[in-house]
Amino acid sequence: MSTQLTETWLDARLEVSFEELARLSGLPEAELRELIEYGALAPSDPQSERWVFSGECVVVARTAKRLRDSFDLDSGALSLALGFLERIRALEEELRSLRAQLPRGP
Amino acid sequence: MKYKDYYAILGVERGADAGAIKKAYRKLAQKYHPDVSKDPQGEEKFKEIAEAYATLKDPEKRAAYDQLGKHASGEDFRPPPDWGRQFGGDSGRGFEDVDLSDLFEQFAGRGRGRTMAMPGQDYEVTAHIGLEEAYRGVTVDLELGVPEFDENGSIRRAQRSFKARIPKGATDGQRLRLRGQGGKGANGGPDGDLYLNVALRPHPLFRASGHDLYLDLPLAPWEAVLGATVKVPTLGGTVQLKVPPGTQAGQKLRLADRGLPKPHGGAGDLYAIAQIAVPRAASEKERVHYEELAKGSSFNPRGHFEQETSHEHSTH
């Protein structure tokens, strides 16, 4: 069986509600709220009454769910791990960008 | 059904206590978990490890697993006659196409309300695509081995094929969500989603950084000195690039909007990095020209060496 699919980019343009983020990540809302309190996830406007998150937060929240399930981490440890992973991701991106700018030579 | 030696996968003795099993799992998970490991085989290895741990950490499942007896890894085997009735609650089933992990997964839901709505499983896969494909958009064929229930409610491993469209605008590490294309929901539960991670394959000419592309641009010494208009390849076809006089090696010449297209419009830039290329063996005629140039030129590419050295001498 073969199916033709439709798609959505999980990027900064996409906006999802708090409830949608919980559903897409599979995290219970209480745990998601804890991750926000720890700063692992941030709504686009924290002062707003209705939180809205970027599509990138979906990727982070799904990673959080996988790590929580695989390592039995509490929200504090999870936030720490997510913080390190984000730093690694940013450094790898910088490294990739610098490597791309290095001439390969003849 | 193929036997998997869950104890061997975790590297523990069959009589290991729960603490030893947990410790062995955690050590291996730290090494192979796809979110933390750089091992290209990490994901596959982690799946095995997680499957072994999911069964051995649960006393009831572990007892059921132990009842299967010890076999060689990969050996075809049948569970003992009463095993299904005793543990699976389903004595009449066949075990030919069954994956051991699915059996124990199903085992977890045994006894719970079978009418409860259950959302389908999300699938996550990486699609490796070329730069040209990212530039134009591409439809990729994906094959996934997924657990599915047959008409008797028994679980079977099924091969599912997808055609997933990656629209233009992809770059390395971007994610796509394909709604409703994961596992089927049960009892009215919603279907799961398919998550696609885009990975760009290396290209012989272009190097990608986000949506920007970098290309080495070899120039003859006279092109760099005098300036020139040269043909440059881009993903959209060849363009003419004006190289200004006095172009230095390493200088980046920007071709606006000639990089990868962005998902919501616009595009990255293409940077041609100038390199001064010299002939490995100059012809006699070329040698004469270079010798004339050497005699007639006052250019000293290492002038700053002398300035810096004299400055050092004067300060010591």
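Residues numbered from 1 in each chain as written. Chains lettered and ligands numbered in written order. Predicted model: local features only at pLDDT ≥ 70, side-chain atom pairs only at ≥ 80, totals over all residues.

1. Looking at the sheet that holds strand β11 (residues 270–276) of chain B
Argument step 1. Taken in spatial order, the four strands make up an open sheet running β6-β7-β11-β10 (chain B), and their pairing is mixed. Each edge of the sheet is formed by a strand with only one pairing partner; in this case those strands are β6 (206–209) and β10 (252–255) of chain B. This sheet shows a mean twist of 30 degrees between the axes of neighbouring strands, independent of strand direction.
Argument step 2. By the bridge criterion, seven bridges tie strand β7 (residues 212–219) of chain B to β11 of chain B in an arrangement that is parallel. Following the sheet pairing, P218 of chain B is matched in β11 of chain B by Q275 of chain B.
Argument step 3. Against the sheet, helix α4 (residues 75–101) of chain A contacts β6, β7 and β11 of chain B, and its axis sits at roughly 150 degrees relative to β6 of chain B. (Pairing = 2+ DSSP bridges. Helix = DSSP H or I, 4+ residues; strand = E, 2+ residues; numbered from the N terminus. Axes fitted to C-alpha atoms, helices over the stretch in contact; angles between N-to-C directions. Contact = placed C-beta atoms within 7 Å.)

2. Description of unusual backbone geometry
Only a minority of non-glycine residues have a phi that is not negative, and only a minority of peptide bonds are not trans.
Argument step 1. We note that D72 of chain A has phi near 50 degrees; this positive angle belongs to a residue other than glycine.
Argument step 2. Following the sequence through the fold, D72 of chain A ends up in the loop between α3 (55–71) and α4.
Argument step 3. For N187 of chain B, which is not glycine, the phi dihedral falls at a positive 50 degrees.
Argument step 4. One can find N187 of chain B in the loop between β4 (175–178) and β5 (194–200).
Argument step 5. Judged by local crowding, N187 of chain B falls into the exposed class, with 10 C-beta atoms found within 10 Å. (Buried ≥ 20, exposed ≤ 12 C-beta atoms within 10 Å, placed from the backbone.)

3. Notes on the interface of chain B and chain A
Much of the literature gives interface size as the accessible area that the parts lose upon coming together.
Argument step 1. Contact with chain B, which involves 31 residues of that partner, is made by 26 residues of chain A.
Argument step 2. Of all the secondary structure elements, the ones that give two or more residues to the side of chain B that touches chain A are α2 (18–32), β3 (155–166), β4, β6, β7 and β11 of chain B.
Argument step 3. Class assignment for the residues of the side of chain B that touches chain A results in 14 nonpolar, seven polar and 10 charged. (Nonpolar A, V, L, I, M, F, W, Y, C, P; charged D, E, K, R; others polar.)

4. What to know about the confidence of the model for chain B
Argument step 1. When pLDDT is averaged along chain B, the result is 86, and 88% of the positions lie at 70 or above.
Argument step 2. Model confidence for the complex: the whole-complex pTM is 0.81, and ipTM, which rates the interface, is 0.87. (pLDDT = per-residue confidence, 0-100.)

5. Description of the sheet that holds β5 of chain B
Argument step 1. Pairing in this open sheet of four strands is mixed, and the strands run β2(A)-β4(B)-β5(B)-β1(B) from one edge to the other. If you trace the sheet from one side to the other, it starts and ends with β2 (8–9) of chain A together with β1 (123–129) of chain B, each paired once.
Argument step 2. In terms of strand pairing, β4 of chain B meets β5 of chain B through four bridges, oriented antiparallel. Residue pairing in the sheet places R175 of chain B in a bridge with N197 of chain B of β5 of chain B.

6. Some points on the environment of T55 of chain B
All names here are of chain B.
Argument step 1. You can see T55 is positioned in helix α3 (residues 42–56).
Argument step 2. The exposure class assigned to T55 is buried, which follows from the 22 C-beta atoms found within 10 Å.
Argument step 3. Through-space distance from the C-alpha of T55 to that of P81 is 21 Å; in sequence the pair is 26 residues apart.
Argument step 4. Other than its neighbours up to four places away in sequence, T55 contacts Y6, K61, R62, Y65 and F104.

7. Considering helix α1 (residues 18–25) of chain A
All names here are of chain A.
Argument step 1. Where α1 is concerned, the buried positions are L21, L24 and S25. Burial along α1 is one-sided: seen end-on, the buried residues are contained in an arc of 90 degrees.
Argument step 2. Two residues or fewer after α1 comes G26, characterised by a positive phi angle close to 85 degrees. (Arc of directions from axis to C-beta.)

8. Quick word on α3 of chain A
Residue and element names in this part refer to chain A.
Argument step 1. With 17 residues, α3 should cover 24 Å at 1.5 Å per step; its first-to-last C-alpha distance of 25 Å lies within 8% of that length.
Argument step 2. In terms of burial, α3 is largely enclosed, as 12 of its 17 residues are buried.
Argument step 3. Within α3, the full set of buried residues consists of G55, C57, V58, V59, V60, A61, R62, T63, A64, L67, R68 and S70.
Argument step 4. D72, located one to two residues past α3, shows a positive phi value of around 50 degrees. (Expected span 1.5 Å × (residues − 1).)

9. Description of the pairing of β6 of chain B
All names here are of chain B.
Argument step 1. Burial along β6 is two-sided: F206 and A208 facing one way and R207 and S209 facing the other are all buried.
Argument step 2. Direction of pairing for β6 relative to β7: antiparallel, over a ladder of four bridges. Bridging from a neighbouring strand, A208 pairs with L213 of β7.
Argument step 3. In this antiparallel pair of consecutive strands, β6 and β7, the connection spans two residues, and G210 shows a positive phi of 60 degrees.

10. Quick word on the packing of α1 of chain A against α3 of chain A
All names here are of chain A.
Argument step 1. Across the interface, α1 lies against α3 with an axial gap of 9 Å and an inter-helix angle of 45 degrees. By the angle between their directions, the pair α1 and α3 is classed as oblique. Between α1 and α3 the crossing geometry is right-handed. Across from L21, L24 and S25 in α1, the residues of α3 making contact are C57, V58, A61, R62, A64 and K65.
Argument step 2. Class assignment for the residues of the contact of α1 with α3 results in six nonpolar, one polar and two charged. (Parallel < 35°, antiparallel > 145°, perpendicular 65-115°, else oblique. Left-handed = near helix turned anticlockwise from the far one by under 90°.)

11. A look at the nonpolar core
Argument step 1. Core analysis: the largest hydrophobic core is formed by 52 residues, its most contacted members being L21, V58, V60, A61 and A64 of chain A together with L215 of chain B.
Argument step 2. Among the elements that make up this core, the one with the highest residue count is α3 of chain A (seven residues).
Argument step 3. Three or more residues apiece are contributed to this core by two domains, here domain 2 (118–201) and domain 3 (206–287) of chain B.
Argument step 4. Non-local contacts of L215 of chain B, meaning those with residues more than four positions away in its chain, are made with L205, F206, L270, A272 and I273 of chain B.
Argument step 5. Counting residues in each nonpolar core, the second largest holds 16 residues, with I21, L28, F46 and Y65 of chain B among its members. (Core = buried A, V, L, I, M, F, W, Y, C linked by C-beta atoms within 7 Å. Domains from an automatic or database assignment.)

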